[in-house]
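Per-entry structural report
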2 protein chains.
Amino acid sequence: MKVIGKQVRKVDGFELVTGRAKFAGDYQFPGMVYGAVKRAGVPAGRITGIDIEGARNTPGVIDVLTARDIPGPNLIGVLPPYDQPLLAADEIRYAGESVVLIIAETAEIARFAANLVSVSIDPYDPILTVDDALAPDARKIHEGGNITLSKKLLKGKGKAALEKADVVVEGVYETSFQDHAYLEPETVCAVPGRRITLYASCQSPFHIRGHVAANLNVPAASVIVVQAVTGGSFGGKDDVATEIGSLACIAAQRLNRPVLIAHERKESIIGSNLRHAARISSKTGAMNDGRIIAREITVLLDGGAYASESPFVTMKTLIHAAGPYNIENVEVTSTSVFTNKTYCGAFRGFGVPQVTFASESQIDELADKLGMDRLEIRRINGLKAGDSNPTGQVYAQSVGLQETIQVIAAQPAPPAHPDGGRYLYGTGYASVAQGISNGAEGIDVAGASVQMSQDGSVLVGIGLTELGQGSRTVWAQIVAEVLGVAIENVSVRLVDTDAVHDSGPTVASRSTTVGGMAVLKAANEVKKSLISMAALMMQTDEENIELRDGFAILKMDDSARIPVSSVATAAYWTGFPLMNLAFSKAPEANFDDDTHQGDIYIAYNYGTHRMDVQVDAMTGKVKVLNHFAAHDVGRVINPLGLAGQIEGASLIGFGMAHMERINYAGGIIQNANFADYALPSIKDRIPTNSIPVEDHNPTGPFGAKGAGEPPVAAAAAVFANAISDAVQFRFTKLPITREDILNAIQQRGNHG
Amino acid sequence: MKVIGKQVRKVDGFELVTGRAKFAGDYQFPGMVYGAVKRAGVPAGRITGIDIEGARNTPGVIDVLTARDIPGPNLIGVLPPYDQPLLAADEIRYAGESVVLIIAETAEIARFAANLVSVSIDPYDPILTVDDALAPDARKIHEGGNITLSKKLLKGKGKAALEKADVVVEGVYETSFQDHAYLEPETVCAVPGRRITLYASCQSPFHIRGHVAANLNVPAASVIVVQAVTGGSFGGKDDVATEIGSLACIAAQRLNRPVLIAHERKESIIGSNLRHAARISSKTGAMNDGRIIAREITVLLDGGAYASESPFVTMKTLIHAAGPYNIENVEVTSTSVFTNKTYCGAFRGFGVPQVTFASESQIDELADKLGMDRLEIRRINGLKAGDSNPTGQVYAQSVGLQETIQVIAAQPAPPAHPDGGRYLYGTGYASVAQGISNGAEGIDVAGASVQMSQDGSVLVGIGLTELGQGSRTVWAQIVAEVLGVAIENVSVRLVDTDAVHDSGPTVASRSTTVGGMAVLKAANEVKKSLISMAALMMQTDEENIELRDGFAILKMDDSARIPVSSVATAAYWTGFPLMNLAFSKAPEANFDDDTHQGDIYIAYNYGTHRMDVQVDAMTGKVKVLNHFAAHDVGRVINPLGLAGQIEGASLIGFGMAHMERINYAGGIIQNANFADYALPSIKDRIPTNSIPVEDHNPTGPFGAKGAGEPPVAAAAAVFANAISDAVQFRFTKLPITREDILNAIQQRGNHG
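This structure is a prediction, so every number in the text was calculated from the model and none was measured.

Side note on the sheet that holds strand S10 (residues 196–200) of chain A
Hydrogen bonds between backbone atoms are what pair the strands of a sheet, whose relative direction is either parallel or antiparallel. Residue and element names in this part refer to chain A. Taking strand neighbours across the sheet as the criterion, the seven strands line up as S3-S5-S1-S12-S9-S10-S11 in an open arrangement whose pairing is mixed. Both outer strands of the open sheet, strand S3 (61–65) and strand S11 (223–227), are each paired with one neighbouring strand and no more. Neighbour to neighbour, the strand axes of the sheet diverge by 20° on average, direction disregarded. Where strand S1 (residues 33–39) and strand S12 (residues 259–262) come together, three bridges link them in parallel fashion. Within S12, the position partnered with Gly35 by the bridge is Ile261. Its contacts with the sheet place helix H3 (residues 107–116) against S1, S3, strand S5 (98–104) and S12, and it is angled at close to 25° to S1. Sitting on the sheet, helix H5 (residues 205–216) touches S10 and S11, and the angle it makes with S11 is about 145°.

Structure (C-alpha cells):
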C-alpha cells in the first residue's frame, strides 16, 4: 500500500487552517437579503393571532411570511408522513418553534423586526416528561398520540431466562439532552433562478432537496443543493437545514433575491434537534462463573415535539442496549415519546451512548456482585467471530472485540497513588459495539464519481458529506491508491445534488464503508480504462500493467513506464471512459421486524476503553490521567484522521458524561448559550490514546470499518465507571458533574 | 412515440424570452473586477518594449499583467503543440493579438488604461495573402513554416481519369472571411477559490478547463468550468474562451477577486477566430450522358496567424470538396496556410460551405455545358445507399440524398415572371452532404447523466453545450420518451466540467447524435431500475411493464398503473440506482491517412435546396422569392427546433453568399463593427421552407442525424446558383454583393 494506512495531510486542511474555506455564511451575492424567525416562546398552545404590522413597517424589512405563504405542504421530517411545519400554522408544540419569517436588508434588522411580531397563543399545559406523555389521559401532542415508536427485540427466551440466573443486578439509568455545539451554527444561502441553488451547512443534501422542492411546490430536479464547507454537524444539521433551507428558498424565489439565514447560538440550541434524554431500566442475570445468560432492558426516549430521527434512534437503542456480548436471552423494549420540548434527533452515537452507559454500568455492578475483575467479565462474555450477537447475527470475521480487550489489558498499570489523601483515584473499563452504516434500519446506498482529466489529475464526487470527520481525505486516499497517483493530485468536490446519485443521509459511520466502496468501485472502473490504454501503448496484456507512482508500469520491467497523464490523454483520444459514476449498495439485510432478530449491519465497530481518573474530593474536580481507546476499525486508512475521530468522539462522550446538560424550566431551555451550557473546551481535552485494532472487514474498502461514532458511547460509559470506581459510588445519571461528585462524596462521608 | 417528433416548447425558451437567462455577463460577485487587453495594433513584428506605467497609475487600475505573469506555458490552441500565446511575449503575428491585460474596478477604466499602454513593436512586412505565405522565400510566421497542414485525398485514378471525360469544366472559386456575429460577444467570469470556477460563454468547457489549468499551472481537477447560458457560438467561442478564460482565472487567483472579461464587438471581430477564406481550383470531368467520372480539386485556406481549428477544417474540406456524388475518381488537395491576419477556426459548416459553393457552381456549369437540366444532373450523380462516396465509404442505409432531390423536384414551379423588365429572375439548385460528428477526424465521445429524483422529476447532465441550437430540448425529449414522463418534468442542467466525462468539443453537428446516444443510454439504465421496481411492486415480470404518461403500467391491463414518482421512491428505498452516467462513443472509424479513403463518419446529412430569386437590375437588390431546403435528418426529434436550425443555418449561408466580407487593409480589419460589416438583419430573413426527409440512421438516437450545419453550405451554394441563373453570369466569388451583381449586369450590358 502506498497511500492507504499512511500518514497523509488532510486534503482540505490547508483551506481550513488558513481561513480560506468558504462556509455557507461566507457566500455573498449582489442583492442578498437576510432572514430571521419569530419563535413561539411558549412550549404548547394554539395560535389565535399573529400581528406582523410592526415588523412589516420596520425600515429595511422586505417581506414577512407566515405559514400561509408556504407554496407546498409546509411540512418537513425524516419519515413520511412528515409531522413538522416550517412555520407553525395553528398549534405550537415546543417553545423554539418558528412562526414567522422576516426578510430584511440585514440580519440585524430581521432579528429586530422578529421581536416586533406578536404571536397570540392560547396556551396548553405543556407535557414535559415522558411519564406525563404516557399517562393514560394525556393530551395528544400529535393526532396519533404521544408515542413516536415502540419496538421490541426478543432473543431466546428473553427476560424469562433471568429466573435461571445465579445473580441478577437491576438498575435504572438516566441521561440528559445534549447539544451538538458545532463551531458553526446552522446557515443556508439560497440563490434564486430557473433552478434554485441552496448552499447549505448541512449533512444530507438530498434530504434537503426533497423538502425544498416539496415546500416550494416544484420538481426536485429544479433544486440544486450544494453543501458548503460545514463547520461540524454530528447529526445536528439535518432537520434544521431542511427547515431554514426551505424557508430561504421560498423567500428567494418570491423576492428573486438571494437569501441567507444563519442561526445565532441560542437558536441553534432551542430550535434544532438535541440528543435524546433517556431512561433505561435494566436487569442482567449471570451465572456464578460470570457468564451472562439474560438481559432485560427497557428504554424510554424523550424525543421532544417532533418525530425527526426518533424512529431510527429507537431502533438503534433497541439493537445496542444489550451491549457487545454473547448472551443467549435478551429482551429489549425501546420507546420514543413526544413531549413539548425541542425535538431530538441524530447525534453522533445515535442512541448508543445512552444505552451503553446503562449497559456498561451494569456490567461493572455485576462484576462487583460476583467479585470478578471488571475487564475479565467483559472478556468472558465479549463477542467473538462465530458468536451470536443480541440480534442473533453471526459474523464469520471482523469481530475484534477480544483483541481490543487484550490491548487494553496490556496497557501500563494505572499510576500508583496514595490512599486516603485529598485525591481519589479510579479506573474504569467499558466495551462497546456499534453497527456500521444504516443496515436494515434504512436505505444504505451511496453514489460516487471519479473523473481523471487528461493531465492525470483526479476529481472525486460523492453524495455523502464532509462534516469535519475527514472523509474527503479517506476518499482521496482510496482513489490515489487505486490509480497509483499522488494524493495531491486528487481533489474531492463539494457535494452537489446534481452530480451524483441520491446517497441518503451522511450518518451511521457509513462514509468510509458504504461511501468508500462507491469511490473504490468508480476508481476501479477508471483504472480499467487506464490499464487497457497502457496495455495498448506497451503492446502487452492488461495483466502485465500496474499503476504506481504516477506511472503505468510494466510489471516485469520496472523501467518500462508511461506517465499516467500520457496514458489518460491517449485514453481520452482513443475513447476509453475516464469517468465513472458508481453506485454502492450494502448487502441485503435479513431482519425480522417483530423480534428484531436477524442480520442487520454489514459490520460492527468494536471497542474497549480504559480510563484512569483523579478526583479532587474537596472540589469535585476531575482529572483524566489516562484514556486508552482501542477500536477494531477493520483497517486503518488514515491514521491521523482515525486518531482525530477517536479523540473527538471521546471528548463528546466525556462532555455528555461529565458536563453537558440542557436545563429546562417549564418547557423553556434555561441555558441556551455557551456561558451556561457547560461544554468541554480545549482546556478540558482528555488525554485519549487511540489504539487501532485491525480485523479485516470484507464489506469495506480495503477492509475498513467506520469509526466516527463508537468512541462516544465507550468514552461516556468508561468515564462513569472510572468515577464510580474513584468515588466508590455507583452513579446512574449522566452527566456526573462536579456537583454530583461532591454530593456523592458527602453522602458517603468520604471527603478528604 | 409520445414526445419524439412532436411539437414541444423549447425547454429553455421561457427564461430566454423573459430575460431571466443568466449569461456570463450577468454573473456578479462581491469584489468583482474587470479585465481588458491592449492589442498589438500591427499585424507583424517583434515587441521591443512595453510601457505600462500610465496604465498602472490610472486610478481604479488594480493590476497589469504581461506574458511574464502567466504561471504556465502561456499557450493555447486546439492541437498540441499549442502555438498561440495568451499574451504575446516577443512576436506579434496579427493585429488583434493581446499583449497586456489590465484589471480594474470597472470595465471602462480597464479599457481606458489599456489605451495608455504603449507597446513598442519592430514591425515586419506582414504576410497577408496565401500566395505570399507560400512564396519560396517567405518569412516564416511560425518556426515550422507557413503551412499549417496539407492533405491529399485520392480515390480511384484521381485526376488522371479526367482524360477519359467527354467534357471537362474548370474554374477557380473564392470565398471571404466571415464573422460569427453572435448576439453576445465573448464573456467569461472567474471566481477564485481552492478550486477556481469559470463561468463562460463558451462552446467546449473541457477544452477550456485543460488550458486554464495548464496556464495557471494547477491540476485540471482544480478547475471548474461552468457554461453560462450562451448567446450563440457557431464555432466561434472555442479558442477565444480559452484565451480570456485563462486570463480571467490567472488574474482572479492572483488577486483573490472575481474577474469578468467581456469583449466589445470590435474585439469579437478582430480578436477571435473567423471563417477561413478559401480559394478552390476545380476540374470536373463527365461523360456526355451526364455521369461525372472524375474531379480534381485544390483547396487553399487562409488560416490567419494561428493553427486553431485549421487542421480539422483542412480535413473537412478535403473530404467534402467533391460533393455528395458517386464519382469513381477523385483527387483533392487541401492546404491551410498561416498569414498575419486574425486566426481562423471553427464556424458552422466548418469548411463545407466554401467547397460546396465551388462544387455546386461547377455542377451547374457542367449541366450547362452538357445542356442538361441542373437538378437532373444532381439526380444522376447523387449518392444512393450502397454507393461509394468520395472517401470510398459505403452506407447501407440512411443515404437520403435522392429523396431530397425528389421532394425539391416536387415543389411548385417558380412564379411566372415577365421577360425583359427591370427585374431578373432566376432559380438555383444545390445539393450537399455533410458528415455528422467528428468521425475519424478526432475524438467522438460524449458523457451524459440522467438522474430521477424520488418525486419522478428528471435531471439531465451532458458534456456538450447548448448554444442556441436547441439541443437541450432534444435531450429532454429523448429522456421524456424513454422514461414515459412529461417533458415539463425534465430539466437539463448547465454544463459543468465536474459533472460528466470530458465529451470533447460541441462541434460537427454531433449533439443530437453522439450526445443524444449518451443521453439515451443513461435514460435506458434508469428505465431498467424503474421497470425492475415496478415489476416487484406489481408482482409480475419486467417485460410486462411499460413506462408511459407518468406511470408504470401493466401492459396487459392498462388500469394497473403506479405513478412513476411512487416507483422512484420505492426504487430509492430498495436500492435500485436512479442515476446513470453514460459514455457514448462513435463506432470506430477505419480510415487511411495517406489516401483519406475509408469509413470516416457515422452518418451524413444530405440536402438539396432550391432558391428562386428576383434581382433588381437597376439597384442590384435581391429578393429571395422561395427557398426550399430539404434535408435527410434520419428522424425528426423536434420539428420546431429542426425548422429553426435549417432556417438559421440557411441565413448564415445567405449572409456568406450575399453580404458578409471582412475587409482587410494592410493586415488591419477595416469593418470591425456591425455598421460596416454587412450582416443579414431580421429584415433580410429569407423565406426558408424546411422540408425534412427521414431516412433512419442506425447510429443516432431514434434514427436521428445532426442537422445544424449542412444548410449553411447548401444555402450559400444555392444562392450563388440562383443569382448566376438570374443574371446569366457565373459568379465565382462569395459574397456576391449588390455591387457585384450590378457590375456583372453592366458588364453583360444587361441592365433594365
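Read on for the rest.
Describing the domain arrangement of chain A
Frequently, the measure chosen for interface size is the accessible area that the parts lose on association. All names here are of chain A. What the domain assignment lists for chain A is domain 1 (26–124 + 186–262), domain 2 (277–439 + 592–751) and domain 3 (445–585). Put simply, the middle of domain 1 and the middle of domain 3, counted by C-alpha atoms, are 39 Å apart. Across the boundary between the two partners, domain 1 contributes 18 residues, which contact 16 residues of domain 3. Taking both partners together, domain 1 and domain 3 bury about 1300 Å²; carbon and sulfur atoms supply 54% of that area. Run the count over domain 1 and domain 3 and you get one salt bridge. In this structure, Arg195 engages Asp498 in a salt bridge whose closest nitrogen and oxygen atoms are separated by 2.8 Å. In this assembly, domain 1 and domain 3 are joined by five residue pairs in polar contact (both at pLDDT 80 or more).

Structural notes on the pattern of salt bridges
For side chains bearing opposite charge, pairing can occur when the charged atoms are close. Residue and element names in this part refer to chain B. Across all of its chains, the model carries 80 salt bridges over all chains by this definition. When the shortest N-O distance is used, the salt bridge between Asp131 and Arg279 registers 2.9 Å. Of this pair, Asp131 sits in helix H4 (residues 130–134) while Arg279 sits in strand S13 (residues 277–286), placing them 148 residues apart in sequence. On the basis of relative accessibility, which here comes to 42%, the residue Asp131 falls in the partly exposed class. Residue classification places Arg279 among the partly exposed positions, given a relative accessible area of 27%.

Some words on the interface of chain B and chain A
Across the boundary between the two partners, chain B contributes 49 residues, which contact 49 residues of chain A. Buried area between chain B and chain A, both sides added, is near 3900 Å², and the carbon and sulfur share of it is 56%. Seen at the junction of chain B and chain A, the total is four salt bridges. Glu15 of chain B is paired through a salt bridge with Arg194 of chain A; the nearest N and O atoms lie 2.7 Å apart. There are 25 residue pairs in polar contact (both at pLDDT 80 or more) connecting chain B and chain A. Broken down by secondary-structure element, the contributors of at least two residues to the side of chain B that touches chain A are helix H5 (205–216), strand S17 (445–452), strand S18 (458–462), strand S19 (490–492), helix H14 (564–574) and strand S23 (579–585) of chain B. Looking at the side of chain B that touches chain A element by element, the count peaks at five residues for S23 of chain B. Across the side of chain B that touches chain A, the residue classes tally to 22 nonpolar, 16 polar and 11 charged.

A closer look at the sheet that holds strand S15 (residues 329–337) of chain B
All names here are of chain B. Here we have five strands laid out as an open sheet, ordered S7-S15-S14-S13-S8, and mixed in their pairing. The open sheet is flanked by strand S7 (147–155) and strand S8 (167–175), the only strands paired with a single partner. Here the strands of the sheet are splayed against their neighbours by 5° on average, with no regard to which way each runs. Along the sheet, helix H8 (residues 310–320) contacts S7, strand S14 (292–302) and S15; its crossing angle with S7, the most-contacted strand, is approximately 20°.

Description of the pairing of strand S18 (residues 458–462) of chain A
The two faces of a sheet get side chains in turn, since along a regular strand they alternate between them. Residues and elements named next belong to chain A. Burial of S18 is extensive: five of the five residues sit out of reach of the surface. Going residue by residue along S18, you find Val458, Val460 and Ile462 tucked away on one face and Leu459 and Gly461 tucked away on the opposite face as well. Judged from the five bridges that link them, strand S17 (residues 445–452) and S18 form a sheet pairing that is antiparallel. Pairing of Ser449 across the sheet is with Gly461, part of S18. Between S17 and S18, which pair antiparallel in sequence order, lie five residues; one of them, Gly456, sits at a positive phi of approximately 85°. Here S18 pairs with strand S19 (residues 490–492) via three bridges, running parallel. Counterpart to Leu459 in the pairing with S19 is Ser491.

So, the confidence of the model for chain A
Per-residue confidence for chain A gives a mean pLDDT of 95; residues scoring 70 or more make up 99%. For this predicted complex, the interface score ipTM comes out at 0.91, while the overall pTM is 0.94.

Concerning the environment of Gly644 of chain B
Examined against the element boundaries, Gly644 of chain B turns out to sit in helix H15 (residues 639–658). In sequence terms Gly644 of chain B and Gln469 of chain B are 175 residues apart; their C-alpha atoms lie 8.1 Å from each other.

Some points on the relation of the copies chain B and chain A
For the pair of chain copies, the relating operation is a rotation around an axis with a shift along it. Its rotation angle being 180°, the transformation that places chain B on chain A also includes 0.0 Å of axial translation and leaves an RMSD of 0.0 Å. Here the copies are linked by what is in effect a two-fold axis. Most of the interface of chain B is mirrored in chain A, where 100% of its interface residues again form contacts.

Looking at helix H10 (residues 374–381) of chain A
All names here are of chain A. Listing the buried residues of H10 in full gives Arg374, Leu375, Ile377, Arg378 and Asn381. The arc that holds every buried residue of H10, seen down its axis, measures 160°, which confines them to one face. Where H10 is buried, its residues touch strand S14 (292–302), helix H9 (352–370), helix H11 (401–409), strand S16 (423–436), strand S26 (603–616) and helix H16 (710–727).

Some details on unusual backbone geometry
Pro735 of chain A follows Leu734 of chain A through a cis peptide bond whose omega is 0°. Inspection of the secondary structure assignment puts Pro735 of chain A in the loop between H16 and helix H17 (738–747).

Notes on the state of the cysteines
Taken as a whole and judged by the stated rule, the model has zero disulfides over all chains. The closest cysteine sulfur to the non-disulfide-bonded Cys249 of chain A is located on Cys189 of chain A, 9.5 Å from its own sulfur. A relative accessible area of 0% places Cys249 of chain A in the buried class. Cysteine Cys202 of chain B remains unbridged, with the sulfur of Cys249 of chain B as its closest cysteine sulfur at 11 Å. On the basis of relative accessibility, which here comes to 0%, the residue Cys202 of chain B falls in the buried class.

Here's the deal with the side chain of Asp496 of chain A
With respect to the helices and strands, the residue Asp496 of chain A is situated in the loop between S19 and helix H13 (511–538). In this structure Asp496 of chain A comes out as buried when scored by relative accessible area, which is 8%. Within the local environment of Asp496 of chain A, its side chain forms a polar contact with the backbone nitrogen of Asp498 of chain A, the two atoms lying 2.7 Å apart. Apart from the residues within four sequence positions on either side, Asp496 of chain A is in contact with Ile224, Val225 and Val226 of chain A together with Arg493 of chain B.

Here's the deal with the pairing of strand S9 (residues 187–191) of chain B
Residues and elements named next belong to chain B. Burial runs high along S9: five of the five residues are buried. In S9, alternate side chains face the same way, and those of Thr187, Cys189 and Val191 on one face and Val188 and Ala190 on the other are all buried. Across four bridges, the pairing between S9 and strand S12 (residues 259–262) is antiparallel. Across the sheet, residue Thr187 finds its bridge partner in S12, namely Ala262. In textbook terms, the turn of a hairpin is the stretch between consecutive antiparallel strands, and for S9 and strand S10 (residues 196–200) this stretch comprises four residues.

Cut-offs applied
- Residues numbered from 1 in each chain as written.
- Chains lettered and ligands numbered in written order.
- Predicted model: local features only at pLDDT ≥ 70, side-chain atom pairs only at ≥ 80, totals over all residues.
- Heavy atoms only, no water.
- Pairing = 2+ DSSP bridges.
- Helix = DSSP H or I, 4+ residues; strand = E, 2+ residues; numbered from the N terminus.
- Axes fitted to C-alpha atoms, helices over the stretch in contact; angles between N-to-C directions.
- Contact = heavy atoms within 4.5 Å.
- Domains from an automatic or database assignment.
- Buried area = accessible area lost by both parts, 1.4 Å probe.
- Salt bridge = Lys/Arg side-chain N within 4 Å of Asp/Glu carboxyl O.
- Polar contact = N/O pair within 3.5 Å; in protein donor to acceptor, adjacent residues only side chain to side chain.
- Buried < 20%, exposed > 50% of the residue type's maximum accessible area, 1.4 Å probe, protein only.
- Nonpolar A, V, L, I, M, F, W, Y, C, P; charged D, E, K, R; others polar.
- pLDDT = per-residue confidence, 0-100.
- Least-squares fit on C-alpha atoms with pLDDT ≥ 70 in both.
- Arc of directions from axis to C-beta.
- Disulfide = S-S within 2.5 Å.

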